[in-house]
Every structure is written in C-alpha cells, then in structure tokens.
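Single-letter residue listing:
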Amino acid sequence: MRIQTLSFISCKLRQLFSDGILPFAFLVITTLFLSADWFMDRYFLPKNMGFVFGVVLWGAICLTNRKQRIHFSIDLLYISFTVFIGYLFVRSLFIPQYIKCVYIGAAWILFVLLRYKKIPIEVFRYIFVVAGVLQMVYGLLQYTGCIETQSYFSILGSFDNPAGFAVSIVLCYPFFLHRVFIGKRKTLKLFVCLLLTIVVILTGSRIGIFALFVVTLLFYGVRHREIINKRRSLFITGGILILTGLFIGLIYLRPASVLGRVLIWKVSTQLCSNDALWGKGVGAFKTSYMSEQAKYLSSSQANDVERQLAGDVNHPFNESLLVLIEFGFVGMVLLSFLLFAILQSRICFDSPELLALVVIALFSCFSYPFKYAFVWFVSIYCLSSLVPKTFMWGEKDVSSILFYLFLSVAICMICIFAPRTIVFEHQWKEVAPTSEENVWLLDRDLSIYTQLDSTWNGNPHFLYNYGSELKNIELYEKSIEILLRCESYINTYNLQMQLADNYYHLACWTEAEYRYKKALAMCPNRFLPLQGLLRLYVKSENLFRAEQVALEILDKPVKIPSYTVSIIQEEAKTHLYKNSFIGNKKY
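Reading the values: rules and limits
- Residues numbered from 1 in each chain as written.
- Predicted model: local features only at pLDDT ≥ 70, side-chain atom pairs only at ≥ 80, totals over all residues.
- Heavy atoms only, no water.
- Helix = DSSP H or I, 4+ residues; strand = E, 2+ residues; numbered from the N terminus.
- Contact = heavy atoms within 4.5 Å.
- Areas by Shrake-Rupley, 256 points an atom, 1.4 Å probe, with all protein chains shown as cover.
- Salt bridge = Lys/Arg side-chain N within 4 Å of Asp/Glu carboxyl O.
- Buried < 20%, exposed > 50% of the residue type's maximum accessible area, 1.4 Å probe, protein only.
- Expected span 1.5 Å × (residues − 1).
- 1 Å grid on protein atoms, 1.4 Å probe; cavity = no way out; pocket = protein on both sides within 12 Å on 5 of 7 lines; lining within 4 Å.
- Points joined across faces, edges and corners; volume = space filled by probe spheres on them.
- Nonpolar A, V, L, I, M, F, W, Y, C, P; charged D, E, K, R; others polar.
- Axes fitted to C-alpha atoms, helices over the stretch in contact; angles between N-to-C directions.
- Parallel < 35°, antiparallel > 145°, perpendicular 65-115°, else oblique.
- Left-handed = near helix turned anticlockwise from the far one by under 90°.
- Phe/Tyr/Trp six-rings, centres within 6.5 Å; stacked < 30°, edge-to-face > 60°.
- Lys NZ or Arg CZ within 6 Å of the ring centre and 35° of its normal.
- Patch = residues over 30% accessible without salt bridge, like charges linked within 9 Å, V, L, I, M, F, W, Y side chains within 5 Å.
- Lys, Arg positive; Asp, Glu negative; His and termini not counted.
- Polar contact = N/O pair within 3.5 Å; in protein donor to acceptor, adjacent residues only side chain to side chain.

### A word on the overall build of the protein chain
Secondary structure summary: the protein chain contains 27 helices and four strands in total. Within the protein chain, contacts between residues separated by at least 24 positions form 74% of all contacts whose residues are at least 6 apart in sequence. In the form shown here, the protein chain has an accessible surface area of approximately 28,900 Å², with 64% of it arising from carbon and sulfur atoms.

Printed below as a string of structure tokens:
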C-alpha cells in the first residue's frame, strides 16, 4: 500500500511538472512574493532571479522529455514578439549590465515554452486568483499594523513601494472577475473583488483605481452585451462620461503630482530629438535625463512651479516614451508591429488575459510597470495565450534535436551569467552595511570593494556606493575617479553633490562650484547645493558671492520643512550677521 501511495504521488508530481503547473506556480510565487536581505536590492533582484530560474526550471523539465516532437505555430504574433525581443536583446549586448540580456533571453524562452504545447489555462488562472488573494491579505495586514513595513508607506505588499503592490493586485483582478461567473459562491467572490478594490484605493494609486473601473466596465459590458445592444448609445455615452469624470477627479486629487509628471514628459520629449532613429541606447534615460532637466529649468521656458516640483527622476513614467528614447523610432515601429499582431488575434474581449493586457497598457501610460518581474511574467503569459486568426507560414514541426540543442545552450548561458550577478550582489551586501552603521571602511572592507570593482557586474549603483564610501574615508581623488565612471551610467542630483563635496575637500574650487551649480540646476528646490556654495565661497574668500548665496538661501521658498533646511538657514543668517559685505541688515 505504501509503495502504491508513493507511486501515485510520484506520478501526480510528474504530471504537474509535465503540464507546467508547478513551474508556473513557482514563477507566480517568486515574481510576486520573493524578497531577500542577502542583496543590496532586497525587492527587485530576488524577484528577477526567481523569474530567471523559474524559466530555467521549466526549460529543464522540457529537456527531460526529448522524445516529443515540437510543434510550432509560426504566426504574426510569434514573429512580431520575437523580432521585438530580439531587437532589445541585441541592443542590450553593448552595455556592461549583462544581466539585462539574461532577463530578455529568459522572457523569450518563457514565451516559446508557453506556446509550443497546450497549457491548462483554467488552472493557471486559478493560480493567479490565489496569489492575488494572498497579496491582498498581506497588504491589509500591513495597513492594519499587524505586519510592520520597512518604509513610511503604510501598505506595500511584497514590493518596495505602493506602485508595485497596486499593479500586482490589479493584474490579478481580471482573473477574480472571471471566477465570479464560474461555479458557486458568487456573493463571496464579489465580496473579494470589492475588498480588492478597497485595497487598491488604500494604496493611493490613481491609475490603479482607474484601471479597475475600466476593466470592470469592459468585462460586464461584454458579458451583458445583449442588454447593452438595445440601448448602445446610452450605455457607451454613460461609460465614457463615468470614466472621463473619474479620470479628471483623480487628476485633481493630487494636482502637484500631475504637474510633476507633465514636467517629466515635457523634458523627456526633448531627449527624443537626438538619435531619433535608433535611440540613445539601453539605460540612456538615467544618463541623460537630469542634465536635460537642468538645461530646461535654467531656461526661460520653465516657470517657478516647475522649478519647485523638480526632483531626481529615473523613469519617464511612460513605457512607450522610454522605448522611444532608448530604442528610437525603430523600437517604436517594432512595438507597434507587436500591438498590431495582438489586435489581429482572435480576441475574446472578456477573457482575463486580454483584460490583464489592458491593465498593463493603462499602467504603461502613467507609471513604470515593466520595472517589475511579475508584470513581465503576466504580459508574456497573456501574449502566449492569444490565438492568431491566420498563420503567416503555417504550422511547423521542428526537430526536437534542434529545439533542445538551442534550449540547452540558452539555459546554459543563463546559468553562467545569473549566478555571477547573485554572488556579486551578495558580496556587496556583506561589505556595504558598514556605511549604514556609520562605521568607516576597514582595510579589509576596502580591499573587498576593490576586488568587486575588478569583477563589476555592470550595476552603476555599486559604483555610486563605492565612490561614496571612498569619500567617507577621505580618499577623495579615488572617489572622484569612481563617481565619474558612475556618471556615464546614471547622472543624478545626489551624484553631482558627491562629486562637488569631493572637489571641495580637495580645494578644487572651480570644479566644486560647477558641480554644486549643476546639482542646483537639476533640482532648484534643494538647499544643500546652496549650502555647499556658501561654504565654498567662504573658504575661497569670495565674501561677495558668499553673501549673495546666503541671501538666496533665506529668500528661497521651502518645499518641505525639515531640520536640515532650518540648519542651513541658520548658517546663512550667522554668515550675514558676521560678514555684512553688502550691508543688508534685513536678517
């Protein structure tokens, strides 16, 4: 009896692996929930690695069934997705951060694995429902204080901020709606959908709230199309008015945030003018944006409101705009080709997969959903589930030897590069906590940083951290060298401040002044650059300019009152009191 039970369990497990249910569940769980304190980035890197190794697991299972002949449908969607992903992959080959190639390659392999055999789609949908419920409960426990968050946000789920949490549960919402019409307990299922809506409202995600309403109207509009067709114009007009009113209301809910987004889009469009055909390259937005923002805010085109709202930006809050900046007109054409292929598929407008794609499209217009591995996973799953209307080249049987050879090579490449990143990030985490504890680097720690620099994995944040630590132990020249390398990958307000402080301590007044002014131009509402300039002019005995800066500090409007700002203002008052060069006794 025991042998029969073990044999039954073994048979069921093999079936679950063969059908892809366990690998699929693994991908959902890791991309949605996985976090680890082993890395400097405890939220993103673990989920990304969960995605990569989930694909490797699935591919390895396929390799164990080598006798099966592979059946492919070479259709418009397959070709458009492959061409677009291939273009991203090739462009990513020319940057030091090689892990991006691993992510893109894993995404294409997952798409192929999901399309080459029939999948248990209802089981997959149910997995999304269960995962969504767990994520929702996790967020509620945080909001009620049962689980503490390591942030000033009251609700985060398993992400670093409410935006990731909101997009994750809103993506699960279409699968909730689908389950409402399957089986019994419809009242309970509707209650869960209502609870999910409340949780999204608690996150404060305006696009999340809007996406919920859009998905709900589309779903019930298709389900009750017989009733709607009788008064089509009335229902369509009413739906448009409701969504328009909701959209405008959400805009006025936080007008300053909206103006900030408009500023980012305005500056981002100026980045598209150069290298319009091929784009500036992967990661170019982080390199170029803040300099372009400084240029714009220093011009007469900017107004005081924009200068007051400006801050450090690392994403244009629009995925299409990011594609245009980094991959150019060619990238946009290939993306449009993919969207055309989606529209050419046999679309069931109330299917949860299509509604999930609608959610992703809405978030892509106003946020950064593809920053999250779960969104990549859901989008690939939804694309692979679409059925083409016609085939371009028909259906092809591919030699299992060729397929498995290609798959084996791809998996081996992933297994070579992904662990290298894991080891690097873990070693960095092991040495970096000294800075959090306000302890200077020991010689041993410095040697580890030097060793890590020699095996750098392309993460520019490591260079920033390394340069900052070198500044703390007064190795200013070496710090400048590392930070200048970092500047070619990410150029931020904080980086300019680090460089300025280094030059200040080396008494390189001209370079320090240039960097402080550049930081101030990037974020005109900040006080620290003015404090740096005040001290610089005092040190270089330029008392006239020092007094001008002190007056500017005291006349400057405060965006967010803080202890730091108060200290800087007191320092400016003290300087004016002791050194009245201009003769202004106002302060």
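Structure's up, so let's keep going.
### Considering the pattern of salt bridges
Under the definition given, this model contains 15 salt bridges. Across the salt bridge formed by arginine 115 and aspartate 75, the nearest N and O atoms sit 2.3 Å from each other. Note that arginine 115 is positioned in helix α5 (residues 99–115) and aspartate 75 in strand β1 (residues 70–75), a separation of 40 residues in sequence. For glutamate 306, the salt bridge is made with lysine 266, and the minimal N-O distance between the two is 2.7 Å. Note that glutamate 306 is positioned in helix α14 (residues 304–309) and lysine 266 in helix α12 (residues 255–271), a separation of 40 residues in sequence. Glutamate 306 sits in the buried class, given a relative accessible area of 8%. When salt bridges with common partners are traced through the structure, they connect Glu122, Arg125 and Glu353 into a single cluster.

### Re the side chain of serine 384
Along the chain, serine 384 turns up in helix α17 (residues 373–385). Setting aside residues no more than four positions away along its own chain, serine 384 makes contact with Phe111, Leu114 and Arg115.

### Notes on helix α13 (residues 284–297)
With 14 residues, α13 extends 20 Å between its outermost C-alpha atoms, agreeing within 8% with the 20 Å of an ideal straight helix rising 1.5 Å per residue. Of all the residues in α13, the buried ones are Ala284, Phe285, Tyr289, Met290, Glu292, Gln293, Ala294, Tyr296 and Leu297. If you follow the buried residues of α13, they end up packed against α12, α14, α15 (319–343), α23 (493–505) and α24 (509–522).

### Notes on empty space enclosed by the protein
Throughout the structure, instances matching the rule amount to one cavity of 30 Å³ or more. One number sums up the size of the largest cavity: a volume of about 30 Å³. Taken together, Tyr43, Phe44, Lys47, Asn48, Phe159, Lys371, Tyr372 and Ala373 make up the lining of the largest cavity. Residues that form the lining of the largest cavity fall into these classes: five nonpolar, one polar and two charged.

### Brief notes about the packing of helix α7 (residues 162–180) against helix α9 (residues 206–223)
Here α7 crosses α9 at 25°, and the two axes come no closer than 10 Å. Regarding the angle of α7 to α9, the classification is roughly parallel. α7 and α9 meet at a crossing whose hand is right-handed. Residues Val170, Tyr173, Pro174, Leu177 and His178 of α7 pack against Gly208, Ala211, Leu212, Val215, Thr216, Phe219, Tyr220 and Arg223 of α9. Class assignment for the residues of the contact of α7 with α9 results in nine nonpolar, three polar and one charged.

### Digging into the packing of aromatic side chains
For the structure on display, the rule yields 32 aromatic pairs. Pairing tyrosine 368 with tyrosine 372 gives two aromatic rings, centres 6.3 Å apart and planes at 35°, and the pair type is tilted. Side by side, tyrosine 368 and tyrosine 372 carry an identical accessibility label, which is buried. For arginine 42, the ring lying beneath its charged end belongs to tyrosine 43, and the centroid distance is 4.7 Å. The ring centre of phenylalanine 159 lies 5.0 Å from the NZ or CZ of lysine 47, which sits over that ring.

### Things to note about unusual backbone geometry
You will see that glutamate 474, though not glycine, has its phi angle at about 65°, which is positive. Looking at where glutamate 474 falls in the secondary structure, it is placed in the loop between α21 (460–472) and α22 (476–487).

### A look at a nonpolar patch on the surface
On the surface, Phe89, Val90, Leu93 and Phe94 cluster together into a nonpolar patch covering about 410 Å² of accessible area. Within the secondary structure layout, leucine 93 lies in the loop between α4 (76–92) and α5.

### Description of the packing of helix α3 (residues 44–63) against α5
The interhelical angle for the contact between α3 and α5, taken along N-to-C directions, is 45°, at an axis separation of 10 Å. In terms of orientation, α3 lies oblique with respect to α5. α3 and α5 meet at a crossing whose hand is left-handed. On the side of α3, the interface is formed by Leu45, Asn48, Met49, Phe51, Val52, Val55, Trp58, Gly59 and Cys62, while α5 contributes Ile99, Val102, Tyr103, Ala106, Ala107, Ile109, Leu110, Leu113 and Leu114. Residues that form the contact of α3 with α5 fall into these classes: 16 nonpolar, two polar and no charged.

### Quick notes on the side chain of glutamate 326
Relative to the assigned elements, glutamate 326 resides in helix α15. Put simply, glutamate 326 is tucked away with no salt bridge, and the nearest opposite charge, on lysine 100, sits 7.2 Å away. One polar contact links the side chain of glutamate 326 to the main-chain amide nitrogen of glycine 283, over a distance of 3.2 Å. Each residue touching glutamate 326, except ones within four places of it in the same chain, is listed here: Arg91, Trp278, Gly279, Lys280, Gly281, Val282, Gly283, Ala284 and Phe285.

### Some remarks on the environment of alanine 418
Looking at the secondary structure, you find alanine 418 in helix α18 (residues 400–431). Sequence separation between alanine 418 and lysine 100 is 318 residues; the distance between their C-alpha atoms is 9.9 Å. Discounting chain neighbours no more than four positions away, the residues touching alanine 418 are Met49, Val52, Phe53, Ile99 and Val102.

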